[in-house]
Amino acid sequence: MKPAAFEYQRVTTVAEAVKLLRDAPDAKVIAGGQSLVPLMNFRLTRPSLLVDVNGIKALQHVVWDGTYLRIGSLVRHQQIADHAEIQKHFPVLAVAARHIGHWAIRNRGTIGGSLAHADPASEWPAATVALQAEIDVEGPQGIRTVPASEFFQGYYSTVLQPDELVVAVRIPYPKFRLGFAEIARRLGDFALAGAFVEDDGGQGFVTWFGIADKPVRVHTVLPDNMEARREAWQQALGTLAIADDSKSRRHLAVQMAERAWQHSRLEGGKYLSEEAAGGDPL
Amino acid sequence: MTEQAMRPQFMGARVKRVEDPRLLTGQARYLDDIDLPGMLEIAFVRSPYPSARITGMELNAVKSAAGVRAVLTFEDCPILLWQRDSYQVGQPVLAHNEVRYVGEPVVAVVAEDRYQAEDAAELAVVHYEPLQPVLDMVQAIEELPRRVHSHASNVFYHKEYTTQGFSDAFAQAPRHLAATFRTTRQTAVTLEPRGTAAMPDPASGRMTVYASTQSPHRIRGDLAELLGWPENQVRVIVPEVGGGFGMKANTYPEDVVVVWAARHLGKPVKWVSDRTESLLTDVHARDDIHEVEVAYQDDGRIIAIRDHLMADGGAYPAYPFSGAVGETSLASRVLTGPYQIPYIETVIDCTYSNKTPLGAYRGVWGPIASFVQEGIVDRVARSLSLDPAEVRRINMIRPDQFPFRNAAGMIYDAGSYGESMEEALRLINYKDFRVRQSALRAQGRYRGIGISVFVEPTAMASSEAGSVGYESVFIRVEPTGKVTAAMGLGPTGQGHETTMAQLIADQVGVNLEDVVILHGDTDSAPFGGGTGGSRSGPIGGGAALVAGREMRQRLVKLAAHLLEAAEEDIELGHGQAWVAGVPDRAMTIRQLAEIAYTHVKRIPPGMPIGLELVARYQPEQSVSFSNGTHIAEVEVDPLTGLVQVVNYVVVNDCGRLINPLIVEGQIHGGVAQGIGSAFLESLRYGDDGQLMTTSLSDYLLPEATDVPRITIEHLVTPSAGEGGIKGMGEGSLIGAPAALVGAVSDALAPFHVMVDRLPVTPDDVIEWVTARV
Ligand SMILES: Cc1cc2nc3c(=O)[nH]c(=O)nc-3n(C[C@H](O)[C@H](O)[C@H](O)COP(=O)(O)OP(=O)(O)OC[C@H]3O[C@@H](n4cnc5c(N)ncnc54)[C@H](O)[C@@H]3O)c2cc1C
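Here the structure is a predicted model, which means the values were calculated and not measured. (Residues numbered from 1 in each chain as written. Chains lettered and ligands numbered in written order. Predicted model: local features only at pLDDT ≥ 70, side-chain atom pairs only at ≥ 80, totals over all residues. Heavy atoms only, no water.)

Draft legend 1. Spotlight on the sheet that holds strand β6 (residues 134-139) of chain A. All names here are of chain A. In space, the five strands of this open sheet follow the order β4-β5-β10-β6-β7, with antiparallel pairing throughout. Each edge of the open sheet is held by one strand with a lone partner, namely β4 (62-64) and β7 (142-147). Between one strand and the next, the sheet's axes are offset by a mean angle of 20°, whatever the strand orientation. Strand direction decides the pairing type here: β4 and strand β5 (residues 68-72), joined by three bridges, are antiparallel. Across the sheet, the residue bridging to V62 is I71, located in β5. Running at roughly 125° to strand β10 (residues 165-172), helix α1 (residues 14-23) makes contact with β6 and β10 of the sheet. (Pairing = 2+ DSSP bridges. Helix = DSSP H or I, 4+ residues; strand = E, 2+ residues; numbered from the N terminus. Axes fitted to C-alpha atoms, helices over the stretch in contact; angles between N-to-C directions. Contact = heavy atoms within 4.5 Å.)

Following this line, the structure appears as C-alpha cells:
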C-alpha cells in the first residue's frame, strides 16, 4: 500500500497552480488529502505531479455580505461547523459539516476538495445543490461560474477540467430554512442515506445524497399529514435513478427526508443540536 | 512458611500496567520499527482469482526493475506447510500451479525498499485460467460444484458424537423446535498488522527471526522444521506486539518466505502486511452454520439438542491450527453451556472452499456456541411465553452438582453460574425493565434485554498457541537483589510484564519495580507454549508462582543460615529478610544475593551457588472453567435499523484475580469486539469469490462511540490450580454477541423477530420490521 512515485510542488497563487496543471497533464491538486491520499495508496490514482494548494491564502476565506455566503475552496469542514456567521445565517451547513468523517478528517478536508471529488454520498455536493449555490472555477481561460445543479455529472465526476481549480462556492441566502438528516452505520461514516429538505409552505424541495449517482433537487408537495407526506417522498424518490436499489435503501431515503423535514421546523438551539430530528447516528 | 508469607501484597491489587507508559507515549518498538543496515523488503504478488490454474509467468520486467534483488516463486522456495501431512493437503508458501483463494501469495519480490518492491510487483504478468470457485459450504459437503483439492475430499474433518440414550429422550419430549444459526466471516484486525523480519548472522551461521507472534517457541520450531534447519540455529525475537487475538498464533506462508529469502540472499529481509493484505490473508474466523433441533418440556426444561455443525475452513487448514476444526469441535463439546441439558447429538463437517483459511480469533468456538446456546434458550422461552431469565434458572447447573459432567463428557470445575446471572439481573434492574419496556413500546420505542450466561474453558492442555500443557519460568535474583524472570509466553498487549511481576514480587519478597519480566526471545526464555486459549494467567501465572516460591525457599534457607535462625522464623518482604518478631535481626535481599554470588563460602552446605532456577507448572486438571453473565440493554430504531447499546453489565468469575484493572480492561475490549461481531464486522465474498471488504471503510469495526459504559462485578470461585487462578482472555467476547443480539430479539418481539445470524445489520432490521407491519 505505497503510492506510485510522483513529483510534488507547493504553490501560493491560483495562477501558479493552473499553470502547473496545464503543463503536466497527469497532475492533480492536493488540498486536504483525505480522499486523494487513500486513492494514491491503493494505486487507484497515480498522478505524475501533486500541486499542493494549501499555501494559497486567497482560497481560505469565509465572507458573508448579507446576500451571498462565499466560502473559499480551501476552507476546512470543521471551520464551517464552527463559523459563527454560518451557524447564524446558514445553520444547515454547520449541522451538515459535523456529519463529515471525524474531527481529524474535518480539520484537514476542504469544501473544494469534497466538491471536486464528487462522492455521491458526500454532504457538500448535496448541500450546494439544495441551496442553489454557484461554484467558481478558475482555469487557463480565467474564471467561470457553474451552478451546482450543473456541476456534478455522476459518480466522482464533474464538469471540472483537469487544468481547472475550484476557487469558491457562492451560496444565496435561502428564503426558507432547510432541514438536514443523515444515517450512517457508525459516527463519521459516509451516509447510507441523507437529505436536505426545504419547506416553502405546502411544497418544497428534497435533495438526497447517498441515494443516486449525484445530488438532484427534486420538487415535491409537502402536505401536513404524515402519511400523505410519505407518499410525496416516495413519489419524489421515483424520479431518481437509485444506486444499488433495494427496499431498505428506499426505506432509508424516505425516513431521512421525513427527518430532514422535521428538522427544518425546529427552533434555535434545538435545530443546531438536532436532538428531535434523530441526532447523530450512534 | 509463615502466615505473613501467604498474604499477597501485589496479587489482586489494582496495579497500573508497567507497559503503558511506553505504549502511550509512542516509545514501544514494533516489528516495523526494526530497521537493520542493508535490510531488504518484500512485496507479494497475490492471486486476483479465487481459483485458477497458473499457465505461465512473465517475470523478466520484475527482475530488471529498479532496486530488485530477487524474485521468488515456488520453484525457488518449494516448501509446503503441513509437511507433516495431517490433512493430505499442504499449502505451498508460494502458489504452485494453482491458486485457491484471492490474496494467496504467488510471487515474492525482494527489493531495497517497499516502494520499489511494490513498483516491481506491478510488472509481474501471471497467466491464469480461471476455475469455478467453491464458495458454499453446504454444497461443498456434497463435493459441489467441484473439489477444491482434486485429490482430497472437500470435507477435511468429520466427527459425530451422541450421548447415550439421546434418541429416546429426544423423541419422547413433548415439544420440539428447529433453528439454523449462521455466523459470518470475521477477522481479528489487530492494530499492528502481521510482519516478519529475518537477519542471518554470518559469523555464527544462526538466523535471527523477528516475528509478530503469540508463540515464540512454536514459530521457531515450525520454521526450523519447514526449512530443515536445526532448531538451535534459529533465534526468534518477538518485539512489541500490537494485538494478536489468536490470529498471530499461526505460522504463515509469508513468514517462511521471508526467512528463506534472508538465508539465500545473505541479507536482512522484512515484510510487513498492509491493511488490505491483512483483510485478505490474516486467518479468517467464524464462518459457521449450526442446524439445530431442540427437544424440551412445557416447563422450559431442555432435554436434548441435535446440531449439525458446519464450518467453511477456506482453501487450506491454517497451519498448524485449523480454525474450522477448533471452532466446531470445541463448540460441540460445550454447546450446552452452563445448563444441565442431558443429551446432545452432534455432527461436524469442516470443508474446503476457495476462501482464505480459517484460523483462530479470540474465543474461537465460544462466541458461536454461546450465540447458539442462548438462542436456543430464548426460543424455548418465547415459544412457551415464559420469562427468559426463568427458563435459564430452570436449566442452570446448580452449585451442588460440581464437578459437573456435561452431555458431551466435559468436566466443569466449580463456578458461580446461577449467582452470576442473579447478580447481573440485579445490576441491570431486570424487574423494572419489563415495566419500562412496555411503556416505551407504547411510544413506538423498542428496547430489549439479552442475557448471556457463558462458560469459558481455560488453561487447556492445547490451544491455538501450541500443544504444551505446562509453562516455564526462569528466575534470577541478580547480585544486586533485583529480580529478572523470563518466560516463553507471547503477550500481545495483555500486560504480562505487570501481572507476572506481581506474582513473583509477592513470592520473592521484593517490590514490584524490582522485578523485570522478559519474554519473546527464544534464546533467553525457557521453552514455553505461548499465549492463546486463555492459558497465560492460569498456567503461566502458576509457573510464576511456583518459580517464585522455589526462589523464596532458597532465600529463606540462606537467610536462616546467616541470621542463625530457624527457616520457619524467617520472613521476607520489601526487599528484606528478618527474623519474625525481631526486626533488628535482618538482612536485605541485596546482601543475601551478594553472598550467594560472591562470598560463596558463606552459603550453607548443599545449597547451589547463585540464585537462578527454572520451574515448570502443569495444572493437574486438563481444563478449568471460568464463567459469567453478560446482560445488554439495547434500543433498536425500527425506522433506520440502527441498534444502540444503552446499558451493559458483566458479572465475571475467573477465580482469583491477579489484577482487577487488567481483568476489566480485557472485559472492556471483549465487549467492544462483541459489538463488532453482533452489529458490524463481516468479511463478504461476492458470487465470483472476490473478497469485497478489503479496507476498513468496508470492514466496519466498532468505534469508541459504539461502546457503552460497562458495569463490571467480580465473583471469585477459585480453581484447584496454583493461586486459584482461572483464565479470562476470551470470556468477554464469548459472552457478548449472544447478549447483544438476544437483546435485539427481545426488543423486536412485537415483530416476532428471533435473531438467527451474526452480525445483525440495519438492512436486516428494516427487512424484519417492514415485512411484518
Ligand atoms: C475516514 C474518512 C471518512 C470520511 N467521511 C466523509 C463523510 O462522511 N462525508 C464526506 O463528504 N467526506 C468524507 N470524507 C472525505 C473528506 O471529506 C475529504 O476531505 C473530501 O472528500 C476531499 O477533500 P480534501 O480537501 O481532503 O481533498 P483531497 O483529498 O486533497 O482531493 C480530493 C480530490 O479533489 C481534487 N481537488 C481538491 N481540491 C481541489 C480544488 N480546489 N480544485 C480542484 N480539484 C481539487 C483533488 O485533485 C482530488 O482529486 C472522509 C474521509 C475519510 C478519510
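Right, picking up where we left off after that structure.
Draft legend 2. Seen up close, the site of the ligand. Residue and element names in this part refer to chain A. The ligand sits among 30 residues. The nearest are V29, G33, T110, S122 and E123. Contact between the ligand and G33: an oxygen atom at 2.7 Å from a main-chain N or O atom of the residue. Between the ligand and the protein, one listed contact pairs an oxygen atom with a side-chain N or O atom of H77 at 2.9 Å. For the ligand, the accessible surface in isolation is 960 Å², of which the surrounding protein chains cover 89%. (Near = heavy atom within 4 Å. Polar contact = N/O pair within 3.5 Å; in protein donor to acceptor, adjacent residues only side chain to side chain. Areas by Shrake-Rupley, 256 points an atom, 1.4 Å probe, with all protein chains shown as cover.)

Draft legend 3. Broad picture of the domain arrangement of chain A. Residues and elements named next belong to chain A. Once the domains are mapped, chain A shows domain 1 (7-52), domain 2 (57-172) and domain 3 (177-276). Computed over C-alpha atoms only, the centres of domain 2 and domain 3 are separated by 20 Å. If you look at the interface, domain 2 gives 25 residues, while domain 3 gives 28 residues. A buried area of about 2200 Å², summed over both sides, lies between domain 2 and domain 3, and 65% of it is on carbon and sulfur atoms. The largest share of the area that domain 2 buries against domain 3 comes from V92, H99 and A130, three residues that together contribute 22% of it. (Domains from an automatic or database assignment. Buried area = accessible area lost by both parts, 1.4 Å probe.)

Draft legend 4. Quick peek at the interface of chain B and chain A. Contact with chain B, which involves 31 residues of that partner, is made by 23 residues of chain A. Roughly 2400 Å² is buried in total at the junction of chain B and chain A, and carbon and sulfur atoms are behind 54% of that figure. Summed over the three residues of chain B that lose the most area to chain A, namely L639(B), L642(B) and E703(B), the buried surface amounts to 21% of that side. Put simply, chain B and chain A have six salt bridges between them. In this structure, R43(A) engages D119(B) in a salt bridge whose closest nitrogen and oxygen atoms are separated by 2.7 Å. (Salt bridge = Lys/Arg side-chain N within 4 Å of Asp/Glu carboxyl O.)

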